[in-house]
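Structural description and commentary
Listed here are the chains, written in short residue letters.
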Amino acid sequence: MRTKRTFKISNKIIWLSSFFLGVLTSVPKIAEHHFVLYEAAVDTSVTFLFSVLIWYFNIWTLPAYSAKGAAVNGVSIKRLFKGLFFGLVLMFVLACIQQYLLSHLNFGPRMLMFEVRGILINLTFYMFIQLVYQSYLNQQVSIELDRTTTANLWAQYELLKQQVNPHFLFNSLNTLKYIVESGDKQAVNFILKLSDFYRYTLESRKLDLIRLSDEMDILDAYMYLLKARFENGIELSTNIDEQYYSTLVPPFTLQLLIENCIKHNIVSLDKPLHISIYSKDDYIIVENNVQLKRIAESSTGLGLENINQRYMHLLDKKIEIQVSEDTFTIMLPIIRENHHH
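The present account deals with the structure reproduced in this document. Since the structure is predicted, the reported quantities are computational estimates derived from the model, not experimental observations.

**Focus: the pairing of strand β6 (residues 320-323)**
Judged from the four bridges that link them, β6 and strand β7 (residues 327-333) form a sheet pairing that is antiparallel. Within the sheet, the bridge partner assigned to I321 lies in β7 and is I330. Linking β6 to β7, which pair antiparallel, is a turn of three residues.

**Brief notes about a nonpolar patch on the surface**
A cluster of nonpolar side chains, Y38, F85, V89, F92, V93, I97, Y100 and L101, forms an exposed patch at the surface whose accessible area comes to about 850 Å². Tallying contributions element by element places helix α4 (residues 77-101) first for the nonpolar patch, with seven residues. Secondary-structure assignment places L101 in helix α4.

**So, the sheet that holds strand β4 (residues 273-280)**
Pairing in this open sheet of five strands is mixed, and the strands run β2-β4-β5-β7-β6 from one edge to the other. Every interior strand has two partners, whereas the edge strands, β2 (234-239) and β6, have only one. Neighbour to neighbour, the strand axes of the sheet diverge by 15 degrees on average, direction disregarded. By the bridge criterion, six bridges tie β2 to β4 in an arrangement that is parallel. The partner of S237 across the bridge, within β4, is S276. Against the sheet, helix α9 (residues 253-264) makes contact with β2, β4, β5 (283-289) and β7, and its axis sits at roughly 145 degrees relative to β4, the strand it touches most. Lying on the sheet, helix α10 (residues 303-315) is in contact with β6 and β7; it crosses β7 at an angle near 25 degrees.

**Some points on the pattern of salt bridges**
Going through the model one piece at a time under the given rule, you end up with five salt bridges. One salt bridge in this structure joins D196 and R199, with 3.4 Å as the shortest N-O distance. With a gap of three residues between them, D196 and R199 both fall in helix α7 (residues 187-204), about one helical turn apart. Residue D196 is classed as partly exposed on the basis of its relative accessible area of 23%. In this structure R199 comes out as partly exposed when scored by relative accessible area, which is 37%.

Thresholds applied
- Residues numbered from 1 in each chain as written.
- Predicted model: local features only at pLDDT ≥ 70, side-chain atom pairs only at ≥ 80, totals over all residues.
- Heavy atoms only, no water.
- Pairing = 2+ DSSP bridges.
- Helix = DSSP H or I, 4+ residues; strand = E, 2+ residues; numbered from the N terminus.
- Patch = residues over 30% accessible without salt bridge, like charges linked within 9 Å, V, L, I, M, F, W, Y side chains within 5 Å.
- Areas by Shrake-Rupley, 256 points an atom, 1.4 Å probe, with all protein chains shown as cover.
- Salt bridge = Lys/Arg side-chain N within 4 Å of Asp/Glu carboxyl O.
- Axes fitted to C-alpha atoms, helices over the stretch in contact; angles between N-to-C directions.
- Contact = heavy atoms within 4.5 Å.
- Buried < 20%, exposed > 50% of the residue type's maximum accessible area, 1.4 Å probe, protein only.

The quantities given are spatial measurements derived from coordinates; they are silent on function.
And the structure:
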């Protein structure tokens, strides 16, 4: 689980800079011939308190980090005017307090000076915070890009390992050996389908997405090889709306899902594994009956996570998994061309 990113400015910077501004405003009073320490201390305290509150107000009103919105963040006029209004009201309140503490002084002309001082401090802090915050956003976007790129490379690496699954090739060659030895006339077709499947593998391994129609061609070759091995122990039915055949899908997604079904379920003539692939509500759905093996095959658990990572990278959507006593369902979001950048 990733921790929530938060933008922070050191409290030490906030308090020291506010104290420095407070002292700076009292310098003209120190230069006066009739210097009064109490008046300088009150003036310094008012500016210090105003600066601290403006610091925290500007930080508090910053928008929360969002990976999608980071690129469009910039100077917000609305937030700037909100900060200026808050600063004017705050300075007015603090000036009234100062007037109460220094009632012997004439605050008529001083009030305007205080408000101008407040506006200048407010603008300075706002622009500084905006500059630092924009740098923070750029850094987060870079981190997010690196994370996404790493996740995609990991997904592609896992996919490549599964595409050239040595167990599948070994089983296919054993099936071919049996077909040839038994004199089955389907041996030539089996060899052609095996050749087609690995040709598709070589052609598609560098692509992020392919047409669903092409994916179904890959699946057709894959299912032919499985049927030669399991015969009527495995059944596949498809009912995909024609409009979805032109949409996109990460290559070998359906093949990996069917491989996952076989890995975890009994496949036999007595207990056939029924797999359905159909479309519904902008999803391609892969569903199978649950008949778990008594002794589960060793699994890394990365198959479904690999597919999920690819969809998150390409569409920013997760696949949906629904499990019941009788069925196991995977819902793949539809990817259209205008979604893919």
